[in-house]
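Spelled out from the first residue to the last, the chains are:
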Amino acid sequence: MRRLIVMLAAGAAAFVVATGAARAQAGPSAPGGLSTLPPAAQGAYSSSVPDKLVSGVMQLSLQDAIGRGLRQNLGALLAGEDVHAAHGERWKQLSALLPNVTTSTYIDDSKVDLAEFGFTFKFPGITIPSVVGPFAYFDSRASVTQSVFDWKAINNSRAASQSEKSAQATYKDARDLVVLAVGYTYLQSIADEARIETAQAQVTTADTLFKQASDQVSAGTSPAIDALRAQVELKSRQQQLIQAKNEYAIRKLALARVIGLAPGQEFELSDKSPYQPFAGMTIEEALKRAYDSRSDYQAALADVRAAEYTRKAAEAGYFPSLGFNADYGLAGTYPNVSAHGVFDVRGTLTIPIFQGGRVHGDILEADARLKQNRDRAENLRAQIDADVRTALLNVQSAEDEVAVSKSNIDLADQTLAQSEDRFRAGVTDTVEVVQAQEAVASAHESYITSLYQDNYAKISLARALGVAEEGVKDYLKGK
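Residues numbered from 1 in each chain as written. Predicted model: local features only at pLDDT ≥ 70, side-chain atom pairs only at ≥ 80, totals over all residues. Heavy atoms only, no water.

**Brief notes about the overall build of the protein chain**
Helix and strand content of the protein chain: 10 helices and six strands. Classification of the 479 residues of the protein chain by burial places 39% in the buried group. Sequence separation of at least 24 residues holds for 84% of the intrachain contacts in the protein chain that already meet a minimum separation of 6. (Helix = DSSP H or I, 4+ residues; strand = E, 2+ residues; numbered from the N terminus. Buried < 20%, exposed > 50% of the residue type's maximum accessible area, 1.4 Å probe, protein only. Contact = heavy atoms within 4.5 Å.)

Listed below in C-alpha cells is the structure:
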C-alpha cells in the first residue's frame with residue numbers, strides 16, 4: 001500500500017509539474033496570438049532616440065508614455081524629417097518660377113599677343129604693335145532671370161506642393177502609429193503586472209493549502225498523497241510567479257525602447273487596466289469618419305494628385321517656354337577709373353522640335369506612377385473598410401468577454417471557498433481543492449486577458465478611425 005501511494009504521488013507530481021512548466025514557458029498570450037508589436041507598429045516604431053536619465057523612480061502613466069513616444073519615437077522623428085525634406089523639394093521646384101537675381105564684379109588686367117589670334121598688320125609707313133597692353137578694366141553688374149511661361153516648371157511645382165501635403169499627412173499618420181505602438185506595449189505591461197499580483201495570490205493560497213494538508217497528514221486524518229499533491233501545486237504556482245516577473249521585466253524594457261527612456265531608467269506604471277463601457281457607433285458613422293480622418297488615406301490621395309501633376313509636367317516637354325533675363329551695371333578702365341553704364345536685355349523663346357523620345361519616355365513613366373498611386377489609394381480605401389469593421393467587431397467581442405470573465409471570477413472564488421471548507425471538514429481530499437485553484441487561476445487569467453483585449457481593441461478602433469491621439473483619451477479614461 002505504501003508503494004502504491006508513492007507511485008500515485010509521483011505520477012501526480014510529474015503531471016502537474018509538466019503542465020505548469022508548459023504553461024510557464026508559453027507565457028501570457030496576446031489577443032489573436034500576438035507576441036510582438038502589431039505589423040503596422042513594428043520597425044522604426046519599436047525604436048526611439050533615448051532621452052536623458054532621470055534620477056529616482058519615474059511614475060509613468062499611459063498618457064505620459066504616449067507623450068514621450070510622440071517626442072522620442074524613431075518612427076515619428078523620421079516622418080517629421082521627411083516633411084522638412086518635402087518642404088525643401090517644393091522650394092527647389094518653386095525657384096524655377098521665381099526671379100533669380102545675382103550680382104558679379106570682376107577686374108581684369110591683360111596683355112594680348114595679337115599674333116596669337118592670327119592678326120598680323122603690315123602697312124607701309126604704319127607700325128602696329130603685335131602685342132597690346134598691358135591694360136586693365138572692370139565690370140560690375142546685377143542680373144535677373146525670370147521664367148515668363150514654363151508649363152513643365154509650373155506642374156512640377158504643383159506636384160511638389162502635393163508631395164509636401166502627403167508628407168505632412170504621413171507624419172500625422174506616424175503619430176497615430178506611435179500611439180498604437182505605445183498603447184500596445186503599455187497595456188501589455190499592465191497585463192503582465194496584473195499577472196504577477198494574481199500569481200502571488202495563488203502562491204499564498206497554495207501555501208495555505210499545503211500547510212493544512214501537512215497538518216492533517218501529521219494528525220493522521222489525511223493520506224500523505226494529499227500533502228504531496230498540495231506541495232506540487234505550490235511549486236507550480238511559484239514557478240508561474242517567477243515566469244510572470246521575468247515577462248514583466250522584459251516588457252518594461254520594450255516599453256522603454258518605444259517611448260525613448262534612457263537606458264537603465266527606473267520607472268513604475270502608475271495606471272492599472274482601465275475599463276469603460278464602449279458607447280458604440282454604427283458602421284456607416286465609423287466609415288465616414290475614417291475616410292475623412294485617416295491621415296494615410298489623405299496622404300495617398302495627395303500622392304495621386306502629385307502624380308497627376310507630374311504627368312502634366314512630362315507632357316509639357318512638348319510645349320514651348322518663354323524666359324527673360326537682363327543685367328545692368330558699370331564698366332570702365334582701371335586704375336584710372338572711367339566708368340559708364342552698361343546693360344543687356346534678352347527674351348528667349350525655346351521651341352522643342354526633336355528630343356529623341358525623351359518626353360515620350362517621361363510620359364510613360366509618369367503614367368505608370370500615376371496608375372500605381374491610384375491603385376494604392378483604392379487598396380487603402382478597402383483596407384480602411386476592413387480595419388474599421390474588424391475593430392468594431394473586436395471591441396464588441398472584448399466587451400462581452402470582460403463581462404463574462406468578471407462573473408466567472410466570482411463563481412471560481414465561491415467554488416474554491418467551498419472546496420477548502422470541505423477539505424478542512426474531511427469531506428474531500430486535495431484533488432478537489434487543486435482543481436478549484438486551477439479554475440480560479442484560469443478565471444483571473446481570462447479576466448486580465450479580456451481587459452487587455454478590450455483596451456487594445458479600443459486603441460485599434462481609434463487608429464482605424466484616424467483619431468488615435470484624441471481617441472485614446474476618450475476610450476481609456478475609465479477605472
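**Regarding helix α4 (residues 151-219)**
When the terminal C-alpha atoms of α4 are compared, their 101 Å separation across 69 residues agrees well with the 102 Å that a helix rising 1.5 Å per residue should span. Of the residues flanking the start of α4, the one acting as N-cap is Asp150, its side-chain oxygen 3.2 Å from the backbone nitrogen of Lys152. Immediately downstream of α4, the backbone of Gly220 shows phi near 80°, a positive value. (Expected span 1.5 Å × (residues − 1). Polar contact = N/O pair within 3.5 Å; in protein donor to acceptor, adjacent residues only side chain to side chain.)

**So, the packing of aromatic side chains**
Applying the stated criterion across every chain yields a total of seven aromatic pairs. For the cation-ring pair, Lys252 lies above Phe267, with the distance from its terminal atom to the ring centre recorded as 4.7 Å. Looking at Arg381, its charged tip hangs above the ring of Tyr291, at a distance of 3.9 Å from the centre. (Phe/Tyr/Trp six-rings, centres within 6.5 Å; stacked < 30°, edge-to-face > 60°. Lys NZ or Arg CZ within 6 Å of the ring centre and 35° of its normal.)

**Some thoughts on the pattern of salt bridges**
All chains considered together, the criterion is met by 28 salt bridges. For Glu308, the salt bridge goes to Arg374, with nearest N and O atoms at 3.2 Å. Placement of the pair is Glu308 in helix α7 (residues 295-315) and Arg374 in helix α8 (residues 358-424), with a sequence separation of 66 residues. Each of Asp173, Arg294, Asp296, Asp387 and Arg463 takes part in salt bridges that share partners, so that together they form one network. (Salt bridge = Lys/Arg side-chain N within 4 Å of Asp/Glu carboxyl O.)

**So, the nonpolar core**
Core analysis: the largest hydrophobic core is formed by 42 residues, its most contacted members being Leu60, Tyr186, Ile259 and Phe267. Of all the elements in the fold, those that place two or more residues in this core are β1 (58-60), α2 (62-72), α3 (74-94), α4, α5 (224-259), β4 (267-269), α9 (430-465) and α10 (468-475). Per element, the largest residue contribution to this core is 16 residues, and it comes from α4. Look past the residues within four positions of Leu60 in its chain and what remains in contact with it is Ala65, Arg68, Tyr186, Leu255, Ile259, Phe267, Glu268, Leu269, Ser270 and Asp271. If you look at the next biggest cluster of nonpolar residues, it comprises 21 residues, including Leu287, Tyr291, Ala307 and Leu370. (Core = buried A, V, L, I, M, F, W, Y, C linked by side-chain atoms within 4.5 Å.)

**Structural notes on the sheet that holds strand β6 (residues 338-350)**
In space, the four strands of this open sheet follow the order β2-β3-β5-β6, with antiparallel pairing throughout. At either end of the open sheet lies a strand with only one pairing partner, and these are β2 (100-113) and β6. Going from strand to strand, the sheet's axes swing by 20° on average, the running direction of each strand aside. Pairing between strand β5 (residues 321-333) and β6: 13 bridges, direction antiparallel. (Pairing = 2+ DSSP bridges. Axes fitted to C-alpha atoms, helices over the stretch in contact; angles between N-to-C directions.)

**Here we look at the side chain of Thr449**
By the element assignment, Thr449 lies in helix α9. Assessed through its relative accessible area of 14%, Thr449 is described here as buried. Looking at Thr449, its side chain comes within polar contact range of the main-chain oxygen of Glu445, at 2.9 Å.

**Brief notes about the pairing of strand β3 (residues 131-149)**
Of the pairings in the sheet, the one linking β2 to β3 comprises 13 bridges and is antiparallel in character. Each bridged residue has a counterpart across the sheet, and for Thr102 the counterpart in β3 is Ser143. In this sheet, β5 lies alongside β3 in antiparallel orientation, the contact comprising 12 bridges. Within β5, the residue paired with Asp139 across the bridge is Ala331.

**Side note on the side chain of Asn155**
With respect to the element layout, Asn155 can be found in helix α4. Given a relative accessible area of 0%, Asn155 falls into the buried group. Leaving out residues up to four positions away in the same chain, Asn155 has contacts with Tyr309, Lys312 and Ala313.

**Brief notes about the environment of Leu209**
With respect to the helices, strands and loops of the structure, Leu209 is situated in helix α4. The class of Leu209 is buried, set by a relative accessible area of 3%. Between the alpha carbons of Leu209 and Ala230 there is a distance of 6.4 Å; along the sequence they are 21 residues apart. Non-local contacts of Leu209, meaning those with residues more than four positions away in its chain, are made with Ala230, Phe423, Thr430, Val433, Val434 and Gln437.

**Some remarks on a nonpolar patch on the surface**
On the surface, Val148, Phe149, Leu322, Phe324, Tyr328, Phe343, Val345, Leu349, Ile351, Ile353 and Phe354 cluster together to form a nonpolar patch covering roughly 1300 Å² of accessible area. Contributing elements (two or more residues each) for the nonpolar patch: β3, β5 and β6. Note that Phe149 resides in strand β3. On the basis of relative accessibility, which here comes to 38%, the residue Phe149 falls in the partly exposed class. (Patch = residues over 30% accessible without salt bridge, like charges linked within 9 Å, V, L, I, M, F, W, Y side chains within 5 Å. Areas by Shrake-Rupley, 256 points an atom, 1.4 Å probe, with all protein chains shown as cover.)

**Quick look at unusual backbone geometry**
Each neighbour pair has its own omega, and for Gly133 with Pro134 the value is 0°, a cis peptide bond. Looking at where Pro134 falls in the secondary structure, it is placed in strand β3.

**Quick notes on the packing of α4 against α9**
Relative orientation of the contacting elements α4 and α9 amounts to 170°, with a least axis distance of 10 Å. Regarding the angle of α4 to α9, the classification is roughly antiparallel. Across the contact of α4 with α9, the residue classes break down as 18 nonpolar, 11 polar and five charged. (Parallel < 35°, antiparallel > 145°, perpendicular 65-115°, else oblique. Nonpolar A, V, L, I, M, F, W, Y, C, P; charged D, E, K, R; others polar.)

**Quick look at the environment of Ala254**
Checked against the element boundaries, Ala254 lands in helix α5. Separated by 207 residues in sequence, Ala254 and Ser47 place their C-alpha atoms 8.9 Å apart.

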